[in-house]
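# Observations on chain architecture
The chain contents come next:
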Amino acid sequence: MAEDKALTPRSEDFSAWYNEVVQRAELTGHSPVRGCMVIRPHGYAIWELVQAALDGMFKETGHENAYFPLFIPESLLKKEAEHVEGFAPETALVTHGGGKVLEEPLVVRPTSEAIIWPIMANWIQSYRDLPMLINQWANVVRWEMRTRPFLRTLEFLWQEGHTAHATEQEAEAETLLILGIYRKFMEDWMAMPPVTGMKTEWDKFAGAVRTYACEALMQDNWALQAGTSHNLGQKFARAFDVKYQTEEGEHEYIWSTSWGVSTRLLGGLVMTHGDDLGVVLPPKLAPIHVVIVPIWKSDAQRTDVLEASARLKGRLEGVRVRLDDRDTLNPGAKYYEWEGKGVPIRVEIGPKDLDRQQVTVVRRFAVDTKKRKLGVAETDAPTVLPKMLDEMQQELLEAAIRRREENSYRGVTDYEEFKRIIATTGGFIFTGYCGAEECEARVKEDTKASVRLIPDEDFASERYPERCICGGKALQEVVWARAY
RNA sequence: CGGGACGUGGCGCAGCCCGGUAGCGCGCCUGAAUGGGGUUCAGGAGGUCGCGGGUUCGAAUCCCGCCGUCCCGACCA
C-alpha cells in the first residue's frame with residue numbers, strides 16, 4: 001500500500017517515522033482542508049474500541065450521554081471571562097448562513113461549556129436533580145497554527161463530560177474519579193501508563209479552578225498530555241447562572257466539572273508502542289486480534305488450508321479474527337501489511353502445518369524473541385491464542401512502565417544537569433520548584449521543557465529537594481518534560 | 001504571523017535554468033505463471049502540470065498576483 005518499502009527508523013527521525021507510520025497503517029489520510037485529517041477505517045475502528053471502553057466506564061459510574069449543538073452564539077462564549085480569553089483566539093466563527101450575514105456570529109465549539117451550561121441550567125431546579133452527570137461524544141474545532149495527525153488537528157473527535165454538583169467536595173471527588181478512570185483506561189487498555197497530577201495555575205483550563213492531567217511519555221521521551229479533568233468551581237455556574245434550590249429552600253450555585261480525552265489518544269498509542277515496522281496495537285484496542293494467512297501452492301492445497309483456516313476461525317470465540325484469503329498477494333506481502341497495521345498475532349497455515357496438524361503463530365512483538373514464532377497444535381490454538389493476547393497486553397504495559405521509570409529522573413537540583421538530561425535523553429524530570437511562573441518561562445526559553453504537572457501522591461517522590469532548579473526555595477515538586 | 005523549501009496521474013518524484021504540447025518508480029486493471037518474508041513476465045488504464053492573469057506563433061517551463069502544503073520559529077488543555 002505504501003510507496004516506500006521501509007519506514008524511516010524511529011532513531012533517525014521520530015517525527016518523520018510518526019507521519020509515515022500513521023499513513024502506512026492506514027489510520028489517517030490527507031484532506032483537502034488545512035490541518036484536518038481523515039480517519040480511515042482502521043483508525044476509526046480503534047477509536048470505536050476506545051469509545052466503547054470509556055463509555056462503559058462512564059456509564060458504570062452513573063454518567064449519561066447527551067448531545068448539544070455544534071454552534072455557540074458568540075455572546076454565550078463571552079460570558080465567562082477567562083474562558084473566552086483562553087479560547088477566542090483559536091475559534092472558527094460562522095458569520096454567514098443561507099447567503100445572509102448572521103445577526104450574531106456563531107462560534108464552532110472549541111469545547112462546549114458555553115452552550116451546555118445555559119441549557120443544563122434549565123434542567124437543574126432542585127438539589128434532587130443533583131448530581132447531574134452528562135457526557136457527550138462530539139467533534140470540536142480549534143484553529144491551531146501547526147497541526148499533526150491525531151496530536152493536533154483543527155477538528156478532532158473527543159468526549160467531554162460536564163457535571164453539576166451540590167458541593168465543592170463532590171465536584172472535586174468527581175474530578176478525581178474521572179482522572180482515575182482516564183488513568184485506568186490508559187494503563188489497562190492502551191498500555192500507556194501516564195503520570196498523573198495537577199496543572200500549574202497558568203497552565204490550567206481556561207475557566208477552571210484546578211486542572212488535573214495525565215501525561216504519558218512517548219518513545220522519544222517527549223510527554224503527551226493525554227487527558228484532562230477540570231474542577232470548575234462555581235465559575236461557570238456564576239457566568240451562566242446555574243442555581244438549584246436546597247432542601248432548606250435556599251438558592252445556591254452549582255459546582256461543576258468538565259473533562260475530556262480525544263483522538264489524540266491514538267497518536268499516543270502509536271508513539272508509545274510503534275516500531276520500525278509500523279504500529280503495534282495492544283490487543284484490547286486491536287480491531288483485528290488475529291489475522292490468518294493461508295499459504296498454498298496447488299489448488300488442492302488451497303482448498304485444504306482454507307478449510308483449516310475457516311475451522312480455526314470458527315473456534316476462536318471472543319477473538320477478532322480476519323482471514324486474509326486474497327490470492328493476489330504473496331504471503332510475505334501480507335505479513336508486512338498486517339504488521340504495519342499492528343495486528344497482534346498472525347497465524348500462518350500452509351501445507352507443512354497441515355502435515356504436522358499445527359498452525360504457525362507469529363506474535364507482532366515479543367520481549368522474548370524466541371517466542372515470536374511458534375508451532376502450535378491446531379487443537380490447542382483456540383485456547384493458546386486468547387491467552388497469548390492477554391500476555392501481550394500485559395507485556396506491553398510492563399514494558400511501557402519500565403520505559404517510563406528508566407526515563408524518569410528524580411531529585412534533580414543542578415540546572416546544568418537538568419539541561420544535560422533534556423538535551424540528551426529527555427524524559428520526566430522531577431524537581432523541587434519555587435512556584436514562579438517566570439522560573440518556568442526561563443527554563444522553557446533555555447530548554448523547551450515545561451512543567452507538565454505537580455505529581456499526585458501516586459507519583460510524588462518520597463522527599464523532593466529543598467531547592468528549585470533556579471536556586472530558590474522549593475515550595476512543591478513538579479515534573480518537567482519536553483511536550484507535544 | 002516571521003524565515004526557508006515546495007505544489008506535475010492515487011502516492012513519491014524527474015522535466016523548468018536554455019519555452020515546442022509530459023516522463024519515471026510504486027500502486028491500479030487484464031492475462032499467465034508464482035505462492036513458508038515485500039513474486040515475475042506480458043499487455044493496459046489513468047494527468048485542467050495548485051488557481052488566476054500576463055508575455056509569446058506556442059507556457060509545466062518566463063513574469064505578476066493569489067491559494068495551499070511541509071520544515072524552523074512564534075503560538076498551542
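See the structure shown above.
We now turn to the structure provided with this report. A quick note: this is a predicted structure, and the numbers were derived from the prediction, not measured.

The rules behind the values
Residues numbered from 1 in each chain as written. Chains lettered and ligands numbered in written order. Predicted model: local features only at pLDDT ≥ 70, side-chain atom pairs only at ≥ 80, totals over all residues. Heavy atoms only, no water. Salt bridge = Lys/Arg side-chain N within 4 Å of Asp/Glu carboxyl O. Buried < 20%, exposed > 50% of the residue type's maximum accessible area, 1.4 Å probe, protein only. Axes fitted to C-alpha atoms, helices over the stretch in contact; angles between N-to-C directions. Helix = DSSP H or I, 4+ residues; strand = E, 2+ residues; numbered from the N terminus. Left-handed = near helix turned anticlockwise from the far one by under 90°. Contact = heavy atoms within 4.5 Å. Nonpolar A, V, L, I, M, F, W, Y, C, P; charged D, E, K, R; others polar. Pairing = 2+ DSSP bridges. Phe/Tyr/Trp six-rings, centres within 6.5 Å; stacked < 30°, edge-to-face > 60°. Lys NZ or Arg CZ within 6 Å of the ring centre and 35° of its normal. Patch = residues over 30% accessible without salt bridge, like charges linked within 9 Å, V, L, I, M, F, W, Y side chains within 5 Å. Areas by Shrake-Rupley, 256 points an atom, 1.4 Å probe, with all protein chains shown as cover. Lys, Arg positive; Asp, Glu negative; His and termini not counted. Charge placed at Lys NZ, Arg CZ, Asp CG, Glu CD. 1 Å grid on protein atoms, 1.4 Å probe; cavity = no way out; pocket = protein on both sides within 12 Å on 5 of 7 lines; lining within 4 Å. Points joined across faces, edges and corners; volume = space filled by probe spheres on them. Core = buried A, V, L, I, M, F, W, Y, C linked by side-chain atoms within 4.5 Å. Near = heavy atom within 4 Å. Polar contact = N/O pair within 3.5 Å; in protein donor to acceptor, adjacent residues only side chain to side chain.

## Observations concerning the pattern of salt bridges
Oppositely charged side chains can pair when the atoms bearing their charge come close. A complete count under the given rule lists 29 salt bridges for this structure. In this structure, R326 and D324 form a salt bridge, with 2.8 Å as the shortest nitrogen-oxygen distance. Relative accessible area serves as the criterion here: at 3%, D324 is assigned to the buried category. With a shortest N-O distance of 3.0 Å, E348 and R346 are connected by a salt bridge.

## A look at the packing of helix α2 (residues 41–60) against helix α6 (residues 168–188)
α6 packs onto α2 with a crossing angle of 145° between their chain directions and a minimal axis gap of 11 Å. Pair α2 / α6 crosses with right-handed handedness. Of α6, the residues touching α2 (which contributes V50, A53, L54, M57 and F58) are I181, Y182, K184 and F185. Counted by class, the contact of α2 with α6 contains eight nonpolar, no polar and one charged residues.

## A short note on the sheet that holds strand β4 (residues 71–73)
Strands sit in the order β4-β6-β5 across an open sheet of three strands; the sheet is antiparallel. A single partner strand is all that each edge strand has here, and the edge strands are β4 and β5 (92–97). Neighbour-to-neighbour, the strand axes of this sheet turn through a mean angle of 45°, independent of strand direction. In this sheet, strand β6 (residues 100–108) lies alongside β4 in antiparallel orientation, the contact comprising three bridges. Across the sheet, residue F71 finds its bridge partner in β6, namely V108.

## What to know about the pairing of strand β14 (residues 255–262)
β14 sits mainly inside the fold: eight of its eight residues count as buried. Sheet topology note: the strand β11 (residues 223–233)/β14 ladder contains five bridges and is antiparallel. Residue pairing in the sheet places N231 in a bridge with T257 of β14.

## Examining the pairing of strand β18 (residues 358–363)
Judged by how many residues are buried, β18 sits mostly within the fold: six of six residues are covered. Relative to β18, strand β17 (residues 345–349) runs antiparallel, the two being bridged by four bridges. Within β18, the residue paired with E348 across the bridge is T360. Bridge count between β18 and strand β19 (residues 373–377): five bridges; the pairing is antiparallel. Opposite V359, over in β19, you have V376 as the bridge partner.

## As for the packing of aromatic side chains
Considering all chains together, one arrives at 14 aromatic pairs under this definition. Pairwise contacts between aromatic rings join W47, F58, W137, Y182 and W259 into one cluster. Looking at K284, its charged tip hangs above the ring of W189, at a distance of 5.0 Å from the centre. Of note, R346 hangs over the ring of Y335, and the distance from its end group to the ring centre comes to 3.8 Å.

## Considering a negative patch on the surface
Judged by side-chain charge, E247, E248, E250 and E252 come together as a negatively charged surface patch. Mapped onto the elements, E252 comes out in strand β13 (residues 251–253).

## Observations concerning the layout of surface pockets
Reported here for the largest pocket is a volume of approximately 1,300 Å³. Lining the largest pocket we find 46 residues, and of these R142, R152, D203, Q225 and R264 sit closest to its centre. Contributing elements (two or more residues each) for the lining of the largest pocket: α4 (81–87), β8 (155–165), β11, β14, α14 (437–447) and β22 (450–455).

## Some words on unusual backbone geometry
Omega for the bond connecting L130 with P131 falls within 30 degrees of zero, at -5°, which places this linkage in the cis form. Position of P131 among the secondary structure elements: in the loop between α5 (113–123) and β7 (132–141). The residue F150 is not glycine, and still its phi comes out positive at about 70°. As for its placement among the helices and strands, F150 is situated in the loop between β7 and β8. One non-glycine residue, D241, lies in positive phi territory at about 55°. By secondary structure assignment, the location of D241 is in the loop between α7 (235–240) and β12 (243–245).

## Side note on the nonpolar core
By size, the foremost hydrophobic cluster in this structure holds 46 residues, and its most contacted members are L54, Y182, F185, M186 and L265. Those elements giving two or more residues to this core turn out to be α1 (14–24), α2, α6, β10 (210–217), β11, β14 and α8 (264–273). For this core, the element with the highest residue contribution is α2, accounting for eight residues. Ignoring any residue separated from it by four or fewer positions in sequence, one finds L54 in contact with W137, I181, Y182, F185 and V261. Listed in part, the 28 residues of the second largest apolar core include L76, I115, A121 and L232.

## A few points about the protein's contact with RNA strand B
Taken together, the neighbourhood of RNA strand B is formed by 37 residues, with K5, R34, R142, R146 and Q225 sitting nearest. Taking the atoms of RNA strand B that fall within 4 Å of the protein, sugar and phosphate contribute 38% of them. One nitrogen or oxygen atom from the side chain of E339 is found 2.7 Å from a base nitrogen belonging to RNA strand B. Between RNA strand B and D353 there is a distance of 2.4 Å, counted from a base nitrogen to a side-chain nitrogen or oxygen.

## Thoughts on the sheet that holds β18
Overall, mixed pairing links the five strands, which are arranged β16-β15-β17-β18-β19 in an open sheet. Of all the strands in the sheet, just β16 (321–323) and β19 have a single pairing partner and so form its edges. Taken over all neighbouring pairs, the strand axes of this sheet differ in orientation by 25° on average, direction set aside. As paired elements, strand β15 (residues 290–294) and β17 share five bridges and run parallel to each other. In the sheet register, P294 faces β17, and the bridge partner there is I349. Those strands touched by helix α9 (residues 299–315) are β15, β16, β17 and β18, and its axis lies near 165° from that of β15.

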